[in-house]
Amino acid sequence: MPRRSDYKSQTHSLSKVREAVAAHAYAKAIGCSLNLTLDIHWHWTRFSTEGIWNRRKAVPALLESQRHWLAYHGVGFFCILVREAPPGSSEGEHAHQLVHVPDHLHAAFLKHTKHFLGGNKRLPKRALVCDTIYSDGKLAYILKGSTPSAHQLLAAMFQTEYERQHFLDGTKDKTHQGVIYGKRLLISQAI
C-alpha cells in the first residue's frame, strides 16, 4: 500500500534497522559488499535551487540513475540509503549511501554521480563526500537516528567493547536526525 503524500518519519524503527542490517549482511554474503560510501549534501547540488525537485523526487531519481549506470556496466544494484535532516544543521537535508561498486569502476561511478548531482554546473567538493569502507561501522553510523531499542541493536553489532563504546559515545547526541517527509531508509530491491 503506497504511503500518503504527507507521510513523515522521525526515527528508524527496530524493524527497519533489522531490515537494513539483514540487507547489508546479505550483500556481503553473496560477494557484493557495500564497499563505497557517499555522503550527499543536497544544499550544494543542483537540486537546492530547482523548485520542482524536492528530496522525495531527487533521491529516487539519483538511485535510478545509478542503477541504470551500473546495469550498463553489468553490475547489479546493491544499495542502502538513509536520508537525514538534523535540526541544528545549517545545510539542511543530506543522505548517506552505501553501494556496491567494483573497484575498477569507482572513479567512473563517482564521475557519473557528480554529473547527475551537478547537472551542467561544477559540483562543489562538499556536495559529495566519498570513501571506500570495509567495516560495519558505517552502517551503524548511518542508522544512528533510530529508536532506543534499534540503537541498542546497532551497538550489539560491534565485535569489541571498545568499538561498541566508540559508537555509543559518537552517536549519543545524534539520535534525533530530524523529520523526513517520505522514506527515510531506502534499500535496493536486489538485497
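Remember, predicted model here, so these are calculated numbers, not experimental data.

Some points on the packing of aromatic side chains
And then number 1: Scanning the model with the defined rule gives 4 aromatic pairs in all.
And then number 2: A ring pair is formed by Trp69 and Phe109, whose centres lie 5.7 Å apart and whose planes are at 65°; its orientation type is edge-to-face. One end of the pair, Trp69, is in helix α2 (residues 55-72); the other, Phe109, is in helix α3 (residues 106-118), with 40 residues separating them in the sequence. Note on accessibility: Trp69 and Phe109 belong to one class, buried.
And then number 3: The ring of Phe116 has Arg46 lying over it, and the distance from NZ or CZ to the ring centre is 5.0 Å.
And then number 4: The cationic tip of Lys144 hangs over the ring face of Tyr141; the distance from NZ or CZ to the ring centre is 3.8 Å.

Notes on the nonpolar core
And then number 1: Core analysis: the largest hydrophobic core is formed by 27 residues, its most contacted members being Trp42, Leu70, Val99, Phe109 and Leu117.
And then number 2: Elements with a contribution of two residues or more to this core: β2 (36-41), α2, β3 (79-84), β4 (94-99) and α3.
And then number 3: If you tally residues by element for this core, the top one is α2, at 6 residues.
And then number 4: Core analysis: the next-biggest nonpolar cluster, separate from the first, contains 22 residues, Val17, Ala20, Ile142 and Phe167 among them.

Side note on the packing of helix α5 (residues 148-156) against helix α6 (residues 161-171)
And then number 1: Running from amino to carboxyl end, α5 crosses α6 at an angle of 145°, the nearest separation of the two axes being 9 Å. Contact residues: His151, Gln152, Leu154, Ala155 and Ala156 in α5; Arg164, Phe167, Leu168 and Thr171 in α6.
And then number 2: Residues belonging to the contact of α5 with α6 are distributed by class as follows: 5 nonpolar, 3 polar and 1 charged.

Here's the deal with the sheet that holds strand β5 (residues 128-132)
And then number 1: What the 5 strands build is an open sheet, ordered β5-β2-β4-β3-β7; its pairing is antiparallel. Two strands in the sheet have a free side with no partner beyond their single neighbour: β5 and β7 (185-187). For this sheet, the mean inter-axis angle between neighbouring strands, taken without regard to orientation, is 15°.
And then number 2: Sitting on the sheet, helix α1 (residues 14-29) touches β3, β4 and β7, and the angle it makes with β7 is about 30°.
And then number 3: Most of the contacts of α3 go to β2, to which it runs at about 15°, and overall it touches β2, β4 and β5.

Definitions and limits used
Residue numbers run consecutively from 1 along every chain, following the written order of its sequence. Only residues with pLDDT of 70 or above have their local features reported here, since the model is predicted, and side-chain atom pairs are shown and tallied only from 80 upward, although totals for entire chains, interfaces and linings are computed over all residues. Calculated side-chain values reflect all of the structure's heavy atoms, with hydrogen atoms and water omitted. A pair of aromatic rings is counted whenever rings of Phe, Tyr or Trp (Trp by its six-membered ring) have centres within 6.5 Å, and the orientation is called stacked for planes under 30 degrees apart, edge-to-face for over 60 and tilted otherwise. A run of H or I in DSSP counts as a helix once it spans at least four residues, and a run of E counts as a strand once it spans at least two, with each numbered from the N terminus. Partly exposed residues are those whose accessible area sits between 20% and 50% of the maximum for their type, while under 20% is buried and over 50% is exposed, using a 1.4 Å probe and protein chains only. As a reminder, the over-ring test applies to NZ of lysine and CZ of arginine, requiring each to be within 6 Å of the ring centre and within 35 degrees of the ring normal. Nonpolar cores are built from buried Ala, Val, Leu, Ile, Met, Phe, Trp, Tyr and Cys residues. Side-chain atoms within 4.5 Å join them into one set. Orientation is described by axes fitted as lines to C-alpha atoms, over the contacting stretch for helices, and by angles from 0 to 180 degrees between their N-to-C directions. The contact definition used throughout considers only heavy atoms, calling two residues in contact when any of these lie within 4.5 Å. When residues are sorted by character, Ala, Val, Leu, Ile, Met, Phe, Trp, Tyr, Cys and Pro go into the nonpolar class, Asp, Glu, Lys and Arg into the charged class, and all the rest, Gly among them, into the polar class. The pairing criterion for strands is at least two bridges between them, as found by DSSP.

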